[in-house]
Amino acid sequence: DFQYCGKGPPTKDLAYYFFSSVGSLDEDASLQFYLDQLTQRLSSSSSDKVPTMEQLRDSLELAYCDYFRFMSGWGYWGSGVGGEKRVKGVLDRLDGGRDLGSEEAYEQAVLREYG
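Because the structure is predicted, anything quoted here is derived from the model rather than measured.

A. Region of the structure containing the pattern of salt bridges. The final tally for this structure, using the stated rule, is nine salt bridges. Close ionic contact of aspartate 66 with lysine 12 constitutes a salt bridge, the shortest N to O distance being 2.8 Å. Placement of aspartate 66 in helix α3 (residues 53-74) and of lysine 12 in helix α1 (residues 11-20) is noted, with a sequence separation of 54 residues between them. Overall, the relative accessible area of 27% leaves lysine 12 in the partly exposed class. A salt bridge links arginine 93 to glutamate 113; the nearest nitrogen and oxygen atoms lie 2.9 Å apart. Linking arginine 93 in helix α4 (residues 83-95) with glutamate 113 in helix α5 (residues 103-114), this pair joins segments that are 20 residues apart in sequence. When its relative accessible area of 26% is taken as the criterion, glutamate 113 is described as partly exposed. Three or more residues are tied together by salt bridges with common partners; here these are Asp58, Arg93, Arg112 and Glu113.

What counts, and at which threshold
- Residues numbered from 1 in each chain as written.
- Predicted model: local features only at pLDDT ≥ 70, side-chain atom pairs only at ≥ 80, totals over all residues.
- Heavy atoms only, no water.
- Salt bridge = Lys/Arg side-chain N within 4 Å of Asp/Glu carboxyl O.
- Helix = DSSP H or I, 4+ residues; strand = E, 2+ residues; numbered from the N terminus.
- Buried < 20%, exposed > 50% of the residue type's maximum accessible area, 1.4 Å probe, protein only.

Encoded structure:
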């Protein structure tokens with residue numbers, strides 16, 4: 001929740017958990033467990049709102065970027081889950097290692113890459 005109250009993707013909480021609390025935990029197994037539990041708890045009328053594993057992973061990668069941004073202002077602690085390397089990978093996916101020049105250009109790149 002990054003010290004924020006309000007709506008947001010649940011992967012923000014997962015990023016916080018993985019980044020700051022669990023070092024060597026198998027992330028894939030944990031995500032599968034999370035998705036299985038989420039799927040079981042949603043009613044059949046909400047089944048169209050259950051993300052796929054790919055959507056969950058994409059959202060988590062973006063949440064890691066947001067968490068890393070947050071931590072840049074506070075200082076880093078926790079397991080790190082390869083934070084800098086993961087964030088660089090996402091940014092490289094968005095901009096190929098070059099500044100896109102505007103917030104709008106990055107918004108378009110996020111939509112292009114993560115839909």
